[in-house]
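If you want the building blocks of each chain, they are given just below.
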Amino acid sequence: MEIKSAEIKFAFVGFGNVARAFARLLDSHGARLENEFGLRWKTTGIATGHHGCVIGEDLDLNEAARRVEAGSTLSGLPGSSEAGDSSSVIESCGADLLFETTPLSPSDGEPAIMHIRRAFELGMSVVTANKGPLAFAYRDLQALAERKGACFRFEGAVMDGAPVFNLVRECLPGAAVQGFSGVLNSTTNYVLTKMEAGQPFGEALGDAVRLQISEANSDYDIDGWDAAVKAVALANVLMGADARPREVARTGIRSVTESELRDAASGGMAVRLIASAERGPEGVRLSVGPRRVSLSSPLGAVRGTSSVLVLRTDLMGEITIIESDPGIEQTGYALLSDLISVHEFVKRRFT
């Protein structure tokens, strides 16, 4: 029997910019989601770091977003009761699906891994935009999800909403990813392209911070850690690796000079921070560092905050994914596309 409409109860751990962009998409596209996919939902829990934690049978997601953006607390949200912390929300919300969008911890992927593991143990599916769990615990988390009959989706973890993981999962059956190269960090790409135009490193980085392209502490970007975590996430999911970020041969862009960029440009080249993976006889080798690439190549052509990923496969050759100047809305869309994927997964289980 085909299930034409199903209601999913979901909860949020982390309710920052990405989760709120997703909430706006739900509000503006709700009728279409029900008409096209038979998708209806209720929010039964929200955990935040600074605005409180609440549970309820049908929380008003728009009102919750409005309160958070106004700097208010979620306490007293209509139909809600307070929960002590994120763990309490997961334990007591009764959700079918958890959206985990807490900030990344680059050292160990926590507390996101703990949140996701507990959700799976309770039989919930999970959607995350956090690359940490993929870089530090993907194999274990995916195995746990399968044992519990849950669905694990994470399209927003790398390249915002661009279809990377979904492309390989849904569109390349039977093909194996043998390696990849990518420009995956917006901050470093912005800084390097500004330096190409003659702006000093410090000024370009300051602009990136001011424009909120980079966090206030930009070391994580400039020193290559963000790109390394993303490379590990890609390798673990797409290439069956079980790597960790500290295993990546990593160099940031601090040593790149304006004269080096001018010299590269005179030869039709550009310097980009490239994250790469290669499958070899001893496993998957990962590296991040500034490299000269042709200005006419996909890797050299992306400028500003744009990103690119070139996948090398055994059966389809090279496939290139380019994302031009993404914003928070693209990452919000990643949660939406993953929600639809989980919904289809649930429907198949009961058909």
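All of these numbers come straight from a predicted model, not from anything done at the bench.

**Q** Tell me about helix H5 (residues 132-147), and please be specific about residues and values.
**A** In an α-helix there are 3.6 residues to a turn, and that puts residues three or four apart on one side. The terminal C-alpha atoms of H5 lie 22 Å apart, and with 16 residues this matches the ideal 22 Å at 1.5 Å per residue to within 8%. Residue Tyr-138 marks the point of greatest curvature in H5, where the axis turns by about 90 degrees. Backbone geometry just downstream of H5 places Gly-149 in the positive-phi region, at approximately 70 degrees.

**Q** Break down the sheet that holds strand S12 (residues 307-313) for me, with residues and values.
**A** Spatially, the six strands line up as an open sheet ordered S9-S11-S10-S8-S12-S13, and their pairing is mixed. In this open sheet, the two edge strands, each paired with only one partner strand, are strand S9 (249-250) and strand S13 (317-323). Pairing geometry for S9 and strand S11 (residues 283-294), over two bridges, is parallel. Bridge pairing links Arg-250 to Val-288 in S11. In the packing of helix H7 (residues 186-196) onto the sheet, contacts are made with strand S8 (177-183), strand S10 (269-280) and S12, and the angle to S10 comes to roughly 145 degrees. Along the sheet, helix H11 (residues 258-266) makes contact with S10 and S11, crossing S10 at roughly 85 degrees.

**Q** I'd like to hear about the packing of helix H1 (residues 17-37) against helix H2 (residues 61-69), residue by residue, with values.
**A** As a packed pair, H1 and H2 sit with axes 10 Å apart at the nearest point and diverge in direction by 145 degrees. Handedness of the crossing formed by H1 with H2: left-handed. Across the interface between the two elements, Arg-20, Ala-23, Arg-24, Leu-26 and Asp-27 of H1 pack against Leu-61, Asn-62, Ala-65, Val-68 and Glu-69 of H2. In the contact of H1 with H2, the residues fall into five nonpolar, one polar and four charged.

**Q** So what about the confidence of the model for the protein chain? Which residues, and what values?
**A** Mean pLDDT over the protein chain: 94, with 97% of residues reaching 70 or higher. Considering only residues more than four positions removed or in separate chains, one finds that residues 1-5, a stretch of pLDDT under 50, has 10 contacts.

**Q** Pulling in residues and values, what's your account of the pairing of S11?
**A** Pairing analysis gives 12 bridges linking S10 to S11, with the strands arranged antiparallel. Opposite Ala-277, over in S11, you have Leu-286 as the bridge partner. The antiparallel pairing of S10 with S11 creates a hairpin that spans two residues between the two strands.

**Q** Residue-level account of H1, with values.
**A** With 21 residues, H1 ought to run about 30 Å at 1.5 Å a step, yet its terminal C-alpha atoms sit only 26 Å apart, falling short of that. Its axis deflected by about 70 degrees at His-29, H1 carries its strongest bend there. Looking one or two residues past H1, Gly-38 carries a phi angle of roughly 65 degrees, positive in sign.

**Q** Any details on unusual backbone geometry? Residues and values, ideally.
**A** Cis geometry is adopted by the peptide bond preceding Pro-111, which originates at Glu-110 and carries an omega value of 5 degrees. Position of Pro-111 relative to the elements: it lies in the loop between strand S5 (97-100) and helix H4 (112-121). Positioned with a positive phi, Met-159 is a non-glycine residue whose angle comes to about 60 degrees. Here Met-159 is to be found in the loop between strand S7 (152-153) and helix H6 (165-171). By relative accessible area, which is 3% here, Met-159 ends up buried. For Asp-325, which is not a glycine, the phi torsion comes out positive at approximately 45 degrees. Within the secondary structure layout, Asp-325 lies in the loop between S13 and helix H13 (328-349).

Cut-offs and rules
- Residues numbered from 1 in each chain as written.
- Predicted model: local features only at pLDDT ≥ 70, side-chain atom pairs only at ≥ 80, totals over all residues.
- Heavy atoms only, no water.
- Helix = DSSP H or I, 4+ residues; strand = E, 2+ residues; numbered from the N terminus.
- Expected span 1.5 Å × (residues − 1).
- Bend = angle between axes of the 7 residues up to and from the residue.
- Pairing = 2+ DSSP bridges.
- Contact = heavy atoms within 4.5 Å.
- Axes fitted to C-alpha atoms, helices over the stretch in contact; angles between N-to-C directions.
- Left-handed = near helix turned anticlockwise from the far one by under 90°.
- Nonpolar A, V, L, I, M, F, W, Y, C, P; charged D, E, K, R; others polar.
- pLDDT = per-residue confidence, 0-100.
- Buried < 20%, exposed > 50% of the residue type's maximum accessible area, 1.4 Å probe, protein only.

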